[in-house]
Amino acid sequence: MRAVILAAGVGRRLGAGEPKVLLRFGGRTLLERHLAALAALGVGDVTIGIGHQALAIERALASLGQTDVSTIYNPDYERGSILTLWCVRDALAAGGPVLLMDGDVLYDRRVLEPLVETHHADCLLVDGAYEPGDEPVKVGVRDGVPVDFGKTIAPAVEAHGESVGFFRLDKGTANALVETAGRMIEEGGSERPMEDAVAAVLRAASPPFGFEDVTGLPWIEIDFPEDVDRAETVILPKLVDDGC
C-alpha cells in the first residue's frame, strides 16, 4: 500500500506562516507523526505534494532521515488544492490501493488503522460526533452507503458525520479521481478544493464507497488558531498510539 499526502497549502486562515504540516504538537511535527503512523501500519511508500515553503519541508524530511519519501512540487500552491491533486496524479495512479491524506490533521494510529485494514476497496473515515455547520466536510449516507460528500450535501441525504480527510482508493478509482480533477481544471476550476473532485467520484462510484466510523477517536484538522489550541489542550492528551 502507498500513501499520498497533500501539504502544499499556505494556510491563510491559520496565519502561522510555516507549512501546517510542520506545526509541532508534543515536540513532534504533523509530518513526523504522519510518517510514523504510516510506517507502523506497514505503509512505507509515501509521496507528499508540497508548495508553500517547500524547502522547509524538504529539510524536515532530511533531518528525519526520510530519504525515501518522494515530494512533488506544485508551483500554483496559492490556488485551489485541486491543482496539488493534479500535480500528484502519477503517484495516485501508480497502482492501488493508495491512501490519499490531508496533511493538516493531528491524530493517532487508531484513526488511520481502520482505513488500512478495511475490506472496502474504496473507503473514507467518518466521525459522527461533529458540530453541524458550514465548515465541516460532511459525508451523506443513504441505506448505509455514502452517496454525497461536501460542506453542503443533498437535503434528502442523511449527514452521517464529518470526513477526517483520509481516503483509500483502488487503482480504478484513483484513476477516475485524476481524470475528474483534470477535467475540472480544464473547465476553469483551478481555484476549487480537491474535495470537489473527491465528491464527484464518490457520487458516481459503482460499486459505492464504504466508510469506517472513527467516532470517539482523537483527531482534529488544523484550519484556525482555535484548532491549534484545541489540538494542544484536548486532542494531544488523548493520543495513546501515534505511531511510535
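Preceding block: the structure.
Right, let's walk through the structure included here. (Residues numbered from 1 in each chain as written. Predicted model: local features only at pLDDT ≥ 70, side-chain atom pairs only at ≥ 80, totals over all residues. Heavy atoms only, no water.)

## Digging into the overall build of the protein chain
Move 1: Across its full length, the protein chain holds eight helices and 13 strands.
Move 2: A compact globule built from 244 residues should have a C-alpha radius of gyration of about 18 Å, and the protein chain, at 17 Å, falls within 12% of that.
Move 3: By principal-axis analysis of the C-alpha atoms, the protein chain measures approximately 45 × 40 × 35 Å.
Move 4: Relative to its full complement of 244 residues, the protein chain shows a buried share of 52%.
Move 5: Nonlocal contacts in the protein chain, meaning residues at least 24 apart in sequence, comprise 73% of its contacts between residues at least 6 apart. (Helix = DSSP H or I, 4+ residues; strand = E, 2+ residues; numbered from the N terminus. Rg over C-alpha atoms; globule rule 2.2 N^0.38 Å. Buried < 20%, exposed > 50% of the residue type's maximum accessible area, 1.4 Å probe, protein only. Contact = heavy atoms within 4.5 Å.)

## A look at the side chain of Thr 47
Move 1: Take Thr 47: it is sitting in strand 4 (residues 45-50).
Move 2: When neighbours within four sequence positions are excluded, Thr 47 is seen to be in contact with Ala 3, Val 4, Ile 5, Ser 70, Ile 72 and Ala 91.

## So, the pairing of strand 4
Move 1: Of all six residues in strand 4, five are buried, a share of seventy percent or more.
Move 2: Across six bridges, the pairing between strand 1 (residues 2-7) and strand 4 is parallel. Of the residues in strand 4, the one forming a bridge with Ala 3 is Val 46.
Move 3: Note: strand 4 against strand 5 (residues 70-73), four bridges, orientation parallel. Bridging across to strand 5, Ile 48 finds its partner in Thr 71.
Move 4: A crossover links strand 4 with its parallel partner strand 5, the connecting element being helix 2 (residues 54-63), and its sense is right-handed. (Pairing = 2+ DSSP bridges. Right-handed = clockwise from strand over helix to strand, strands pointing away.)

## Regarding unusual backbone geometry
What you tend to see is this: most non-glycine residues have negative phi, and most peptide bonds are trans.
Move 1: The omega angle of the peptide bond from Ser 206 to Pro 207 is 5 degrees, so this bond is cis rather than trans.
Move 2: Of note, Pro 207 is situated in the loop between helix 7 (194-204) and strand 12 (210-213).
Move 3: The backbone of Gln 53 sits at a positive phi, close to 45 degrees, despite the residue not being glycine.
Move 4: Inspection of the secondary structure assignment puts Gln 53 in the loop between strand 4 and helix 2.

## Observations concerning the packing of helix 6 (residues 171-186) against helix 7
Move 1: Relative to each other, helix 6 and helix 7 sit at 125 degrees, their axes nearing to 9 Å. Judged by the inter-axis angle, helix 6 sits oblique to helix 7. For the pair helix 6 and helix 7, the crossing hand works out as right-handed. Note on element contacts: helix 7 touches helix 6 through Asp 196, Ala 197, Val 198, Ala 200 and Val 201, opposite Thr 173, Ala 176, Leu 177, Thr 180, Ala 181 and Met 184.
Move 2: A per-class count over the contact of helix 6 with helix 7 returns eight nonpolar, two polar and one charged. (Axes fitted to C-alpha atoms, helices over the stretch in contact; angles between N-to-C directions. Parallel < 35°, antiparallel > 145°, perpendicular 65-115°, else oblique. Left-handed = near helix turned anticlockwise from the far one by under 90°. Nonpolar A, V, L, I, M, F, W, Y, C, P; charged D, E, K, R; others polar.)

## Brief notes about the pairing of strand 11 (residues 158-169)
Move 1: Across the twelve residues that make up strand 11, a large majority, nine, are buried.
Move 2: Here strand 6 (residues 98-102) pairs with strand 11 via four bridges, running antiparallel. Residue Leu 99 lies in a different strand from strand 11, and its bridge partner there is Arg 168.
Move 3: Across four bridges, strand 8 (residues 123-127) lies against strand 11 in antiparallel orientation. Counted as the bridge partner of Asp 127 is Glu 162 from strand 11.

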